[in-house]
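Listed here are the chains, written in short residue letters.
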Amino acid sequence: MPSRPRTSSVPTPTTREACAELDAADPLAAFRDEFVLPEGVIYLDGNSLGALPKATPGRVADLVEREWGQGLIRSWNDAGWWDKPRTLGAALAPLVGAAPHEVVVGDGTSANLFKTLVAALRLNPGRRVVLGEPGNFPTDLYVTQGVAGLVDGVEHRLADPDDPERIAAALAAGDVAVVLLSHVDYRTGALRDMAGITAAAHAHGALAVWDLCHSVGAVPIDLTGCQVDFAVGCTYKYLNGGPGGPAFTYVAERHHADARQPITGWHGHARPFDFTGEYVPAAGASRFLSGSQPLVAAAALEASLEMWSRVDLRQVRAKSLVLTDLFRSMAEAAGLAALTPRAAERRGSQVALRHPDGYAIVRALIERGVIGDFRAPDVLRFGFAPLYLRHVDVFDAATALAEVVESGEWRQPRFAERATASGPVT
Ligand SMILES: *Cc1c(COP(=O)(O)O)cnc(C)c1O
């Protein structure tokens, strides 16, 4: 394997033995045993749907059987159901560098994008431009288009956040109301300069909304230090909250008094049990709530957040950089080109590779038990979740990838057939 510039603090291991040594010294090693991991599978899709914590089924069963079955309606108080969006928000807050009262959990990312985008536009009434990025996850673009169709005069402009000059030029126009970007690009894994872009937005009179879907649980985040205005993110990727789990909304404290979101339901009311006919927003981030939440799903998230409360994100980041360097260097040695930036400060916890036959290669890998995913037109995407992946797993997965590519195994016709509309390869 050719030598590579070092991009993490630990030199990239080059043998399976060296990987096993790193595993033996890994401060996060014990977390692996807290997950259900199917036999014979190396799971490199934790950036899309995180693995199941062993504690989750018991917590969900407890909610169903005891809190619902026995407690019935009393559980709104006795089991803390009413306050769940706030207590889960407070549990999640340290993972994004927020104060406990600045985060609420509820609804989905797309809905929370809508709420925060409209709230940010209302806080900047003289302006009507939303600056987004052309390669953002489609729902972010679609929701912005929806807001533009609803609020008179809103214009959706796009600039590439991986090129600071384009963002600077777009902001210099002086009419941007809100910047909406993803912290980590879902396709390339590029990590954006949250502090720099947020400061530039503020300097030009714009607010900043960040989508943390691909960074929460993968990299340390400092929303307070970066002075971010609003942020949203999902919990089913690196946070292991379960499929379709509730998302979160961050509202900086300085906006608590004035922010107005558009879905003014009773859970966001100042006195919901007065049942009056007039909407009065609750104090703080609670005003971003709308209606009743899926509490069974919230119980699954509660179990995973209990685990995350014991995790040191600096250790997650340090291990993630080694795992991604290892996978990337082995993939490059096998002749695959990486799309993910090389510099540590410019990438999240994934490695994206390009190959015109990426679909068939990913299918062939899945047959070998290495689960990654494919994003059209030619991106092979591998996510690295340091809580349950060992260095030897990554070494074995990259070895399998090299074998699939070098042997031409992926050329077998069955790998070219587009399987189902759902599943890991879509
Ligand atoms: C995963 C992801 C979403 C998901 O949105 P949902 O409403 O949960 O379907 C949104 N934005 C980004 C950037 C994502 O990566």
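Remember, predicted model here, so these are calculated numbers, not experimental data.

**Comments concerning the pattern of salt bridges**
Pairing is possible between side chains that carry opposite charge, provided their charged atoms lie close to one another.
Piece 1. By the definition in use, this model includes 33 salt bridges.
Piece 2. Where E332 meets R328, a salt bridge forms, and the shortest distance between an N and an O atom there is 3.3 Å. Separated by 4 residues within a single helix, E332 and R328 lie in helix α10 (residues 313-333), roughly one turn from each other. In this pair, the class of E332 matches that of R328, namely buried.
Piece 3. For E332, the salt bridge is made with R342, and the minimal N-O distance between the two is 3.3 Å. Placement of the pair is E332 in helix α10 and R342 in the loop between β11 (337-338) and β12 (350-354), with a sequence separation of 10 residues.

**What about the packing of aromatic side chains?**
Piece 1. In this structure the tally under the stated criterion is 13 aromatic pairs.
Piece 2. Relative to F288, the ring of F230 has its centre 5.8 Å away and its plane inclined at 45 degrees; by these criteria the two rings are tilted. One end of the pair, F230, is in strand β9 (residues 230-233); the other, F288, is in the loop between β10 (248-251) and α9 (295-308), and 58 residues separate them in sequence.
Piece 3. Through a chain of ring-to-ring contacts, the aromatic side chains of W76, W81, W82, W266, F273 and F275 assemble into a single cluster.
Piece 4. It is K237 that lies over the ring of F137; its NZ or CZ is 5.3 Å from the centre.

**Comments concerning the site of the ligand**
Piece 1. Taken together, T109, S110, F137, T139, D140, S182, D211, C213, H214, Y236 and K237 are the residues near the ligand.
Piece 2. In this structure, an oxygen atom belonging to the ligand sits 2.7 Å away from a side-chain N or O atom of S110.
Piece 3. Separating an oxygen atom of the ligand from a side-chain N or O atom of K237 is a distance of 2.6 Å.
Piece 4. The protein chains hide 84% of the 390 Å² of surface that the ligand would expose on its own.

**Overview of the packing of α10 against helix α12 (residues 391-407)**
Piece 1. One can describe the packing of α10 onto α12 by two numbers: an axis separation of 9 Å at closest approach and a directional angle of 20 degrees. If you check the angle between α10 and α12, you find them roughly parallel. For the pair α10 and α12, the sense of crossing is right-handed. Facing K319, V322, L323, L326, F327, M330 and A331 of α10, the residues of α12 in contact are H391, V394, F395, A397, A398, T399 and L401.
Piece 2. Considering only residue class, the contact of α10 with α12 consists of 11 nonpolar, 2 polar and 1 charged.

**Some remarks on the environment of L92**
Piece 1. Following the sequence through the fold, L92 ends up in helix α4 (residues 84-96).
Piece 2. Taking relative accessible area as the criterion, L92 reaches 0% and is therefore assigned buried.
Piece 3. Between the alpha carbons of L92 and A247 there is a distance of 11 Å; along the sequence they are 155 residues apart.
Piece 4. With residues up to four places along the chain from it excluded, the contact list for L92 reads V103, V105, T235, L239, F248 and L305.

**Points about the sheet that holds β12**
Piece 1. Taken in spatial order, the 4 strands make up an open sheet running β11-β12-β15-β14, and their pairing is antiparallel. Of all strands in the sheet, those bounded by a partner on one side alone are β11 and β14 (373-375).

**Points about the UniProt feature "binding site: pyridoxal 5'-phosphate" (unreviewed entry) in the protein chain**
Piece 1. Following the UniProt record, one finds the feature "binding site: pyridoxal 5'-phosphate" (unreviewed entry) at T109, S110, F137, P138, T139, D140, D211, H214, Y236 and W266. In sequence the annotated residues extend across 158 residues, and in space they extend as well, their farthest C-alpha pair lying 30.5 Å apart.
Piece 2. Its place among the elements puts T109 in helix α5 (residues 109-123).
Piece 3. In this structure, T109 is in contact with D211, C213, V232, G233, C234 and A247, ignoring residues within four places of it in sequence.
Piece 4. Its place among the elements puts P138 in helix α6 (residues 138-150).

**Here's the deal with the domain arrangement of the protein chain**
Piece 1. When its domains are assigned, the protein chain resolves into domain 1 (16-53 + 312-416) and domain 2 (82-308).
Piece 2. Here the C-alpha centroids of domain 1 and domain 2 sit 29 Å apart.
Piece 3. Each partner contributes residues to the interface: domain 1 has 32 residues there, and domain 2 has 24 residues.
Piece 4. Where domain 1 abuts domain 2, roughly 2200 Å² becomes buried across the two surfaces, and 62% of that area is made up of carbon and sulfur atoms.
Piece 5. For the pair domain 1 and domain 2, the interface holds 0 salt bridges.
Piece 6. For the pair domain 1 and domain 2, the interface holds 12 residue pairs in polar contact (both at pLDDT 80 or more).
Piece 7. Tallied by class, residues from the side of domain 1 that touches domain 2 come to 16 nonpolar, 9 polar and 7 charged.

**A closer look at the pairing of strand β5 (residues 129-132)**
Piece 1. Side chains of β5 alternate between two faces, with V129 and L131 and V130 and G132 buried alike.
Piece 2. By the bridge criterion, 4 bridges tie β5 to strand β6 (residues 155-158) in an arrangement that is parallel. If you follow L131 over to β6, its bridge partner there is R157.
Piece 3. Handedness of the crossover joining β5 and β6 through α6 is recorded here as right-handed.

Scoring rules and cut-offs
Residues numbered from 1 in each chain as written. Predicted model: local features only at pLDDT ≥ 70, side-chain atom pairs only at ≥ 80, totals over all residues. Heavy atoms only, no water. Salt bridge = Lys/Arg side-chain N within 4 Å of Asp/Glu carboxyl O. Helix = DSSP H or I, 4+ residues; strand = E, 2+ residues; numbered from the N terminus. Buried < 20%, exposed > 50% of the residue type's maximum accessible area, 1.4 Å probe, protein only. Phe/Tyr/Trp six-rings, centres within 6.5 Å; stacked < 30°, edge-to-face > 60°. Lys NZ or Arg CZ within 6 Å of the ring centre and 35° of its normal. Near = heavy atom within 4 Å. Polar contact = N/O pair within 3.5 Å; in protein donor to acceptor, adjacent residues only side chain to side chain. Areas by Shrake-Rupley, 256 points an atom, 1.4 Å probe, with all protein chains shown as cover. Axes fitted to C-alpha atoms, helices over the stretch in contact; angles between N-to-C directions. Parallel < 35°, antiparallel > 145°, perpendicular 65-115°, else oblique. Left-handed = near helix turned anticlockwise from the far one by under 90°. Contact = heavy atoms within 4.5 Å. Nonpolar A, V, L, I, M, F, W, Y, C, P; charged D, E, K, R; others polar. Pairing = 2+ DSSP bridges. UniProt positions renumbered as here; feature names shortened; annotations may be inferred. Domains from an automatic or database assignment. Buried area = accessible area lost by both parts, 1.4 Å probe. Right-handed = clockwise from strand over helix to strand, strands pointing away.

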